[in-house]
Amino acid sequence: MENGGSSEIAGVGNEGISGISLFMGGDTTPGAAGILATGRWNETERAQLDDNIANRRPFLDFVYSRTNADGTIQYLQVSGEPMFDSTSLFIGYRGIGMDVTDRMHRDREEKHLRSDTDKIDGSAD
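Computed from a predicted model, the values in this text were never measured in an experiment.

Here the focus is the overall build of the chain. Helices and strands together make up the secondary structure of the chain, namely five helices and three strands. Starting at the N terminus and ending at the C terminus, the chain contains elements arranged as α-α-α-α-β-β-β-α. Here the chain holds 125 residues, and 32% of them are scored as buried. Taking all contacts inside the chain whose residues are at least 6 apart in sequence as the whole, residues at least 24 apart take part in 41%.

Moving on: the nonpolar core. Counting ten residues, the largest nonpolar core is built from Trp41, Leu49, Ile53, Phe59, Phe62, Tyr64, Leu76, Val78, Phe90 and Tyr93. Of all elements in the fold, only helix H4 (43–54), strand S1 (59–67), strand S2 (73–84) and strand S3 (90–99) reach the threshold of two or more residues within this core. The dominant element in this core, judged by the number of residues it contributes, is S1, at three residues.

On to the pairing of S3, then. Walk down a regular strand and you will see the side chains alternate between the two sheet faces. Summarising the sheet, S2 and S3 pair through nine bridges and their orientation is antiparallel. Bridging from a neighbouring strand, glycine 80 pairs with glycine 95 of S3. Linking S2 back to S3 in an antiparallel pair, the connection comprises five residues, with serine 88 at a positive phi of about 70°.

The full count for this structure, using the stated rule, is two salt bridges. With a closest N to O distance of 2.4 Å, aspartate 51 and arginine 57 form a salt bridge. Judged by relative accessible area, arginine 57 falls into the partly exposed class, the value being 32%.

Take the sheet that holds S1 next. With antiparallel pairing, the three strands of this open sheet are ordered in space as S1-S2-S3. Where the open sheet ends on each side, the last strands, each with one partner, are S1 and S3. Between one strand and the next, the sheet's axes are offset by a mean angle of 35°, whatever the strand orientation. With seven bridges joining them, S1 and S2 adopt antiparallel strand pairing. Bridging from a neighbouring strand, serine 65 pairs with tyrosine 75 of S2.

Turning next to H4. Its twelve residues give H4 an end-to-end C-alpha distance of 16 Å, which sits within 8% of 16 Å, the value for a rise of 1.5 Å per residue. All of the buried residues in H4 are Glu45, Arg46, Leu49, Asn52 and Ile53. Take H4 and look down its axis: the buried residues cluster within an arc of 120°, on one side only. Across H4 from its buried face, at more than 90 degrees, point the exposed residues Glu43, Thr44 and Ala54. You can read the cap of H4 off the contacts: a side-chain oxygen lies 3.1 Å from the backbone nitrogen of threonine 44, and it is on asparagine 42.

Further remarks concern the packing of aromatic side chains. Evaluation of the coordinates by the stated rule reveals five aromatic pairs. Relative to phenylalanine 90, the ring of phenylalanine 84 lies with its centre 5.7 Å away and its plane at 65°, an arrangement referred to as edge-to-face. Given a relative accessible area of 42%, phenylalanine 84 falls into the partly exposed group. Site record: aromatic cluster; members linked through ring pairs are Phe59, Phe84, Phe90 and Tyr93. Against the face of phenylalanine 90 rests arginine 56, its NZ or CZ located 3.7 Å from the ring centre. Across the ring face of tryptophan 41, the terminal group of arginine 66 is positioned such that the distance to the ring centre comes to 5.4 Å.

Rules used throughout
Residues numbered from 1 in each chain as written. Predicted model: local features only at pLDDT ≥ 70, side-chain atom pairs only at ≥ 80, totals over all residues. Heavy atoms only, no water. Helix = DSSP H or I, 4+ residues; strand = E, 2+ residues; numbered from the N terminus. Buried < 20%, exposed > 50% of the residue type's maximum accessible area, 1.4 Å probe, protein only. Contact = heavy atoms within 4.5 Å. Core = buried A, V, L, I, M, F, W, Y, C linked by side-chain atoms within 4.5 Å. Pairing = 2+ DSSP bridges. Salt bridge = Lys/Arg side-chain N within 4 Å of Asp/Glu carboxyl O. Axes fitted to C-alpha atoms, helices over the stretch in contact; angles between N-to-C directions. Expected span 1.5 Å × (residues − 1). Arc of directions from axis to C-beta. Polar contact = N/O pair within 3.5 Å; in protein donor to acceptor, adjacent residues only side chain to side chain. Phe/Tyr/Trp six-rings, centres within 6.5 Å; stacked < 30°, edge-to-face > 60°. Lys NZ or Arg CZ within 6 Å of the ring centre and 35° of its normal.

Pasting the structure below:
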């Protein structure tokens, strides 16, 4: 479930929330279908997440990405636990998601700097 405040915190806006509702076990909406059809979500990551959902598996700190209209890459981290009613009927996922774009960019920059430093250290031998 999502409301205006949580979409602002997640930083994905209404278009992104439509995509997120899919991983929470919600129905496909026209907005979400449009997002998926444009290929903006990383297809490999989405396939992994969709497989977890289809098989009703929990997922913890799963990171997946999408390319925004301006070409920037946005990273989302989600955790979800499948929920069942008293008759064992699957009713969706309870979980949390957050935008981890800044953290992912910092991690990648740090890894790149370490790699450059290793090359310099290795060539000095």
